[in-house]
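Summary of structural features
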Amino acid sequence: MKTFNSLFNYNRKKKSVLTLGTFDGVHIGHQKILKKLVKEAISDDYESVLLTFFPHPRMVLKQDSKIQLLNTITEKTKLIQEIGVDNLIIHPFDTTFSELSAEDFVKKILVDQLNLAKIIIGYDHKFGKNRSADINDLISLGKKYDFEVEQISAKEIDDISISSTKIRNALLEGNIELANTYLGNNYSLCGKVIEGKKIGRTIGYPTANLKIKEDYKLIPKNGVYIVSSIIDEKTVFGMMNIGKNPTVNGESNSIEIHFFDFNGEIYSKEICINLLSRIRDEQKFESLDKLKKQLHLDEIYSKNYISKNDNFQYL
């Protein structure tokens, strides 16, 4: 897959089949659309193109600082590549771009720049300045500029919207299994391993502290989770705490992972943590000794859970 950080860097000569949108989560509904995009591009010998934007339009137009996204740009790119899309365009969204009229967007961007032959789009899609144009306008412009418009059905769009909402709600409620079902993948948190207070190692449970630089990434409900990661090309399982570590009077949220049977050096490394299941809420214990006993019970529970699931059998 070729990735472009601007519309104006795209220079493919073949005609394109295109879809556009945020595709946050690249969940099972999104995957269905993208697989259709890829299939139709192959059958017509066109380029498949996904046009998305960053920052998210809401960040620019509504200054919505509280927006929480399921994917960082890096995560989204990886998921889209796995589906087989030929070209991903991540165009910088700004107020100037938002001022483009509907016809200018279609003619100057889709037709002239992206060599559009066909667009696959939702029936409820709005575009152009102030989102003033709809699917009917797009169909009319398609006739004018000689490209085909394929509508995604209302049911499919509703399923996508419902899935996105359910994923966010499930993560905020700590229901990881439900979120993963709608995603079609394990929800992940990716970042750099940084040094922490190193209290865990004093009770036999050393942890890796994960620092996520993207402040818009949705962090699931505080608590203890069963997780996995790929480190040095090997699958490693463990348990993760999201929260303030109240037993040691922590003041700010942190993400700490204890890996089972792992002694490698991972400070400063970039790693991704796959969330498999939630064990319990974060608790404040009377002493480190009582915390250690609970962590031992969490470890036993985690290993039993992993061994009973064929998809990620504990090794």
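I will try to describe carefully the structure that is included in this document.

Along the chain, E75 falls in helix α3 (residues 73–83). Look at E75 and you get buried, because its relative accessible area is 9%. Excluding residues that lie within four positions of it along the chain, E75 makes contacts with L70, S188, C190 and K217.

Attention shifts here to the sheet that holds strand β12 (residues 270–280). The antiparallel closed barrel is built from six strands, whose spatial order is β7-β8-β11-β10-β9-β12. Along the sheet, successive strands turn relative to each other by an average axial angle of 45°, direction set aside.

Moving on: unusual backbone geometry. In this structure, P55 follows F54 across a cis peptide bond, with omega equal to 5°. Mapped onto the elements, P55 comes out in the loop between β3 (47–53) and α2 (57–61). Notably, S268 is not glycine yet its phi reads approximately 75°, a positive angle. By secondary structure assignment, the location of S268 is in the loop between β11 (254–259) and β12.

This brings us to the pattern of salt bridges. Side chains that carry opposite charge are capable of pairing whenever their charged atoms lie near each other. For the structure on display, the rule yields 22 salt bridges. Residues K14 and D45 are paired through a salt bridge, measuring 2.9 Å at the closest nitrogen-oxygen approach. You can see K14 sitting in the loop between β1 (2–4) and β2 (16–20) and its partner D45 sitting in the loop between α1 (28–44) and β3, a full 31 residues away along the chain. Looking at K14, the relative accessible area reads 37%, which means it is partly exposed.

Pairing between the strands of a sheet is mediated by backbone hydrogen bonds and can be parallel or antiparallel. Taken together, six strands build an open sheet; the order of strands is β1-β4-β3-β2-β5-β6 and the sheet is parallel. Unpaired on one side and paired on the other, β1 and β6 (148–152) mark the two borders of the sheet. On average, adjacent strands in this sheet sit at an angle of 20° to one another, irrespective of strand direction. Bridge analysis of β2 against β3 gives five bridges, and the strand direction is parallel. Following the sheet pairing, L20 is matched in β3 by L51. Docked against the sheet, α3 engages β1, β3 and β4 (87–91), running at close to 160° with respect to β4.

Reading the values: rules and limits
Numbers given for residues are sequential positions, taken from 1 along each chain in its written order. Confidence filtering applies because this is a predicted model: local features only for residues at pLDDT of at least 70, side-chain atom pairs given and counted only at 80 or more, and all residues used for totals across whole chains, interfaces and linings. Excluded from the side-chain calculations are hydrogens and water; all other atoms, namely the structure's heavy atoms, are used. A run of H or I in DSSP becomes a helix once it reaches four residues, and a run of E becomes a strand once it reaches two; helices and strands are each numbered from the N terminus. Three labels apply to residues, based on accessible area from a 1.4 Å probe with only protein chains included: buried if under 20% of the type maximum, exposed if over 50%, partly exposed otherwise in between. Residue contacts are counted whenever heavy atoms from the two residues lie within 4.5 Å of one another. In this description, strands pair whenever DSSP reports at least two bridges between them. Angles here are taken between N-to-C directions and fall from 0 to 180 degrees, while the axes themselves are lines fitted to C-alpha atoms, restricted in helices to the stretch in contact. Any Lys or Arg side-chain nitrogen located within 4 Å of an Asp or Glu carboxyl oxygen qualifies as a salt bridge.

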